[in-house]
Amino acid sequence: MQSMLNIATQAATQAAKMISQHVDRLDIVRVSKKSHNDFVTEVDRKSEKIIIEHIEKYYPDHQIIAEESGPQVKTSDYTWIIDPLDGTNNFIHGYPQISISIALQYKSEIVMGLVYDPLSHDIFSAISGKGAKLNNTRIRIKEPKNLSRSLIGTGFPFRDKQSIENYLKIFREVLEHCSDIRR
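The rules behind these values
- Residues numbered from 1 in each chain as written.
- Predicted model: local features only at pLDDT ≥ 70, side-chain atom pairs only at ≥ 80, totals over all residues.
- Heavy atoms only, no water.
- Pairing = 2+ DSSP bridges.
- Helix = DSSP H or I, 4+ residues; strand = E, 2+ residues; numbered from the N terminus.
- Phe/Tyr/Trp six-rings, centres within 6.5 Å; stacked < 30°, edge-to-face > 60°.
- Buried < 20%, exposed > 50% of the residue type's maximum accessible area, 1.4 Å probe, protein only.
- Core = buried A, V, L, I, M, F, W, Y, C linked by side-chain atoms within 4.5 Å.
- Contact = heavy atoms within 4.5 Å.

This part is about the pairing of strand β5 (residues 78-86). As defined by bridge partners, strand β3 (residues 63-66) adjoins β5 across 4 bridges and the pair is classed as parallel. Counted as the bridge partner of Ala66 is Ile82 from β5. Bridge count between β5 and strand β6 (residues 99-106): 7 bridges; the pairing is antiparallel. Opposite Tyr78, over in β6, you have Tyr106 as the bridge partner.

Right, let's get into the packing of aromatic side chains. Inspection of the entire model under this criterion finds 2 aromatic pairs. With 5.9 Å between their ring centres and 35 degrees between their planes, Tyr59 and Trp80 make a pair best called tilted. Here Trp80 lies in strand β5 and Tyr59 lies in the loop between α2 (42-58) and β3, a separation of 21 residues in the sequence. Look at Tyr59 and you get buried, because its relative accessible area is 16%.

Time to look at the nonpolar core. Ile19, Ile51, Trp80, Ile82, Ile100, Ile102 and Met112 are the most contacted members of the largest nonpolar core, which has 32 residues in total. Residue assignment for this core shows that the elements contributing at least two residues are α1 (2-22), α2, β3, β5, β6, β7 (109-116) and β8 (123-127). Considering each element in turn, this core owes the most residues, 10 residues, to α1. What Ile19 contacts, discounting residues up to four positions off in sequence, is Val43, Ser47, Pro84, Leu85, Phe91, Ile98, Ile100 and Pro118.

Following this line, the structure appears as structure tokens:
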């Protein structure tokens, strides 16, 4: 599994170089609308192409599901799942919270994952049963004794906002019982 993580890291590193070349040139990046509040850029597509070509060089028989090009169905038990520019909305607005996300599924189980920040070059990775790492250093967290000492991380759907009142109600309720919430 480590060799597959290495290939994913290499692919993400190559794509990150290209993404970082466009961060300061957002005024010339072509943006298309896929649906309400859902965008794709030429950078998403280029990043995806770089990642797929690199993975296919080493694992030509593996299936790939990529956000922009969709599934490439093959007979392998391995499926790579790729978001080539996670945070496209942030990217097009110049907000520096973006990543490249790559996961590997074996049969029906996710067995490896990688999140690469192309701006800070931080690499979060995990292999099933081996814990998580940040830049090859094991991530360890202090286990909170109770919810009131916990820092919660969450997100809200940004495309479909019809249930926003329900999300805000839950957010408010959790906020009252924890240390703080990050979105």
